[in-house]
Amino acid sequence: MDFTFTEEQQAAAEAARGVFAGVAPDAVPSPALTTGAVAEGFDRALWSRLADTGLLSLLPAEEHGGAGLDAIALCLVLREAGRVLARVPLLEHSAAIAAVQVYGGPERADRLLGRAGRGELVLTVAAHGRTGHDPAELAVGARRDGQAWLLDGVQTAVPWAYDADLVVVPAQVEAAGAGAGRTVLALVPRAADGLEPAEQVSTSGERLAELRLRSVRVGPQDVIEADGAWEWLHALLVTGTCALALGLGERVLRMTGEYTGKREQFGHPIATFQAVAVQAADRYIDLRAMEATLWQAAWRIASGAPGALPVAGDLAVAKIWAAEGVRRVVQTAQHLHGGFGADTDYALHRYHAWAKHLELALGPAAAYEERLGDLLAAHPLG
């Protein structure tokens, strides 16, 4: 494994830094000061800048107007997005169009990827299941109705659902016979008959939706039936969530260093006190572990290289570190900032709220610890 980034990957990260340089984390009302969502939609101006710089089309191939890059490049960009709490569906959109390219076939790719890469078509993914604790592919059933499919079920906490043009919904085939129990991906238009959103609000203050599907009809051209499509898409979502958490944690630790370097007690900056320095050092170690496990998982997805465990093992390790690490980073930051960390005129409280959302997104650390245990039992090491 080589952690050296290619010139193309580094260029994507540099472009992202330029686009996100002017983004203010406190550009919308504080989630601590409102009972509803902080805004009705995502940052459309930022979305346009991402499209103009080609950052919405990192993964699609050149024939579809993309850069043909990989999961590592996407995670580099998402890391920059996490540092500024970018309010755009960059992860869900990018992962969805990547799945369309890899598993959707040439006709579907020709129809969707160009528009999606230009930001004209927005995609999101329903990935949290009925409750947030059960597999998403089991929350919706799919059955044939002639050539079309009918979908029934519920998906909770769907990000950007009120803004997306298409929602990628994993669904389990219900009919008896060949294919029963497998998972398909349905590209459901937001305005589809039978699709009913109910507003939810994340801990970060962003608007989510519980999507209720009642006999939603989807044509065969909008259903991806390829084996492994949902597992691959879910893996990319998990890895991207870890990248967002890493970027957020790095920014929070930097904020903490700047604050403790200026805040004085007994005539000295508190950063010079051993207890403060030790806590900051521990959080630095957390971030480096988050980084190493993130790139391991992204590299496995990008390269398809074999390992001692299936790629799900690397994903589990990365998500465990991301979830627990980002929680420890923001908790330590709040402690070292004192009451200033809860000041709604200071951005740290927003990072704390976003960190809690990312910690639990796609499952908490405990769920991945259980998954890792099962993998180790099935694939003993040594």
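Everything below is about the structure shown above.
Residues numbered from 1 in each chain as written. Predicted model: local features only at pLDDT ≥ 70, side-chain atom pairs only at ≥ 80, totals over all residues. Heavy atoms only, no water.

Here we look at empty space enclosed by the protein
Here's step 1: Within this structure, the stated rule accounts for 2 cavities of 30 Å³ or more.
Here's step 2: Lining the largest cavity are 28 residues, and of these E92, W160, L244, H357 and L358 sit closest to its centre.
Here's step 3: At the level of secondary structure, the elements contributing two or more residues to the lining of the largest cavity comprise α3 (71-83), α4 (90-103), β3 (148-159), β7 (207-218), α6 (229-262) and α9 (348-360).
Here's step 4: Quantified by volume, the second largest cavity comes out at close to 40 Å³. (1 Å grid on protein atoms, 1.4 Å probe; cavity = no way out; pocket = protein on both sides within 12 Å on 5 of 7 lines; lining within 4 Å. Points joined across faces, edges and corners; volume = space filled by probe spheres on them. Helix = DSSP H or I, 4+ residues; strand = E, 2+ residues; numbered from the N terminus.)

Quick notes on the packing of aromatic side chains
Here's step 1: Considering all chains together, one arrives at 4 aromatic pairs under this definition.
Here's step 2: Seen from their ring centres, F42 and W160 are 6.0 Å apart, and the 90° between their planes marks the pair as edge-to-face. A residue pair is termed long-range when its members are at least 10 positions apart, and F42 in the loop between α1 (7-20) and α2 (44-52) and W160 in the loop between β3 and β4 (166-173) qualify at 118 residues. For the residue pair F42 and W160, the accessibility class agrees, reading buried in each case.
Here's step 3: Members of the aromatic cluster, each reached through a chain of ring pairs, are F42, W47 and W160.
Here's step 4: The ring of Y368 carries R371 above its face, with NZ or CZ at 4.5 Å from the centroid. (Phe/Tyr/Trp six-rings, centres within 6.5 Å; stacked < 30°, edge-to-face > 60°. Buried < 20%, exposed > 50% of the residue type's maximum accessible area, 1.4 Å probe, protein only. Lys NZ or Arg CZ within 6 Å of the ring centre and 35° of its normal.)

Topic: the layout of surface pockets
Here's step 1: Of the pockets and cavities examined, the largest pocket occupies roughly 400 Å³.
Here's step 2: Every residue lining the largest pocket is counted, 17 residues in all, and those nearest its centre are D134, P135, A136, H234 and R371.
Here's step 3: Elements represented by at least two residues in the lining of the largest pocket include exactly α6 and α10 (365-378).
Here's step 4: Looking at side-chain class alone, the lining of the largest pocket contains 8 nonpolar, 5 polar and 4 charged residues. (Nonpolar A, V, L, I, M, F, W, Y, C, P; charged D, E, K, R; others polar.)

A few points about the nonpolar core
In globular proteins that are soluble, nonpolar side chains generally tend to be buried together.
Here's step 1: Among the nonpolar cores identified, the biggest contains 95 residues, and F20, L50, L233 and L248 are the most heavily contacted of them.
Here's step 2: For this core, the leading source of residues is α6, giving 16 residues.
Here's step 3: Beyond its immediate stretch of four places on either side in the chain, F20 contacts L46, L50, V77, E80, A81, V84, A86 and L90.
Here's step 4: Membership of the second largest hydrophobic core comes to 22 residues, among which are A142, L195, A209 and V223. (Core = buried A, V, L, I, M, F, W, Y, C linked by side-chain atoms within 4.5 Å. Contact = heavy atoms within 4.5 Å.)

Coordinates in, geometry out; function isn't part of it.
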